[in-house]
Amino acid sequence: MTDPYPMTATARHEAPVPAALLDDVRRYMEQFSLPVESGPDSLTLVLPQGRTTLQQVEAGIALRVSATTAVACHHLCEGAVYMLDQVWPEAGAALGWDRSEAWDATPDALPPGMHHASFISMERLGATFLRVTLSCPGTAEMMTGGMHFSLLLAPAGRRPVWPSLNDKGRTIWPKGADKLHRAAFTFVHRAPEAGLFTFDIFDHAGSPTTNWLKAAKVGDRLVISGPGGGDLPQADRILIAGDETALPAIRDILARSPDARGLAVIEVEDPRDRLMGEVPEGVRLIWVSRAQGGLWTHLEESCPAPGTFIWVAARASLVRQARDRFSALDGFERTRSYFASYWS
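Residues numbered from 1 in each chain as written. Predicted model: local features only at pLDDT ≥ 70, side-chain atom pairs only at ≥ 80, totals over all residues. Heavy atoms only, no water.

Focus: the environment of Gly219
Move 1: With respect to the element layout, Gly219 can be found in the loop between α4 (208–215) and β14 (221–225).
Move 2: Overall, Gly219 belongs to the partly exposed group, its relative accessible area being 36%.
Move 3: Every residue in contact with Gly219, bar those within four places of it in the chain, is listed here: Ser118 and Phe119. (Helix = DSSP H or I, 4+ residues; strand = E, 2+ residues; numbered from the N terminus. Buried < 20%, exposed > 50% of the residue type's maximum accessible area, 1.4 Å probe, protein only. Contact = heavy atoms within 4.5 Å.)

Side note on the sheet that holds strand β2 (residues 36–38)
Pairing between the strands of a sheet comes from backbone hydrogen bonds, and it takes one of two forms, parallel or antiparallel.
Move 1: Judged by pairing direction, the sheet is antiparallel, and its six strands sit side by side in the order β2-β3-β4-β5-β1-β6 without closing on themselves. Edge positions in the sheet fall to β2 and β6 (98–99), since each of these pairs with one other strand and no more.
Move 2: Direction of pairing for strand β3 (residues 42–47) relative to strand β4 (residues 50–57): antiparallel, over a ladder of six bridges. Residue pairing across strands places Ser42 opposite Gln55, the latter belonging to β4.
Move 3: In the packing of helix α2 (residues 70–87) onto the sheet, the strands contacted are β1 (7–14), β3, β4, β5 (60–67) and β6, and the crossing angle to β5 comes to about 150°. (Pairing = 2+ DSSP bridges. Axes fitted to C-alpha atoms, helices over the stretch in contact; angles between N-to-C directions.)

A few points about the nonpolar core
Move 1: With 27 residues, the main nonpolar core has Val25, Ile61, Leu63, Val65, Leu84, Leu95 and Trp97 as its most contacted residues.
Move 2: Those elements that provide at least two residues to this core are β1, α1 (21–30), β3, β5 and α2.
Move 3: With residues near it in sequence (within four places) discarded, Leu63 still touches Ala9, Thr10, Ala11, Thr53, Leu54, Ala80, Leu84, Leu95 and Trp97.
Move 4: Grouped together as the second largest cluster of nonpolar side chains are 23 residues, Ala235, Ile253, Ala264 and Ala313 included. (Core = buried A, V, L, I, M, F, W, Y, C linked by side-chain atoms within 4.5 Å.)

So this is what it looks like as structure tokens:
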């Protein structure tokens, strides 16, 4: 039988383990509704692209990652280190990986899952959206793995310094004056044969990405990281809600869920931004105005049936309210939910 997770990586850190480490890790992952399996001395994160196990051993901790691809393996390793940075920073800083597939650690090589790209064009949609087209030779490698990706933009006026890998297999990010701006977006269209893709951005004041795009010239360089995150809700019935920042993701979910049933509530300030494609027959779509109470006026009264997948993405304060409210309802299942703060 073929191993579904052929790519592996292991790491160990030998040091006295904080008494509440596993509890702290579990609480951290539960903040993001991540599916976690608990053992007597271990935790395992289980995702479609692979598994990450953290085990407390006599001399410290041991981690094992197994994944479908080398890129997925690298992303899970990076996720494990980032998680440790939050709960036990000394361990995260010291960790190094042994992998089943070697990585390219030459100075000019990008880490797995990152791709060079260049600006081609931009056009306005509705009142406050911009559709952007980028050239990216790695588009064919981004056809699976999630609906989201990240733009990495170098500071204006400086020679770009892009991420690289160190001898421990960890991504090294530029710091100080070379620090990159990172922002996540949703694919609209991917053309692997042409090496192109498009995405939409909500045009708002103070956005470094918007400022970069409005000054961009054809051929200006950037780096793409991804795809990652934002998988389709795995349920027949959905409650999906968001504001303009979530509209591209909601549009993509509805377009790829023809058999879904439920409710979609979208908050926009300007009616011209009601930019929606195909909506499943079984989904009721409600547009709400921010000036008239917005999303919360609908979410605070909503009582979804057990088994409904609850998807909410908007400003951080509203997402916290929604998570608190829905997680207190009878029949709520953490694995059937997605709460994401797209802005603060």
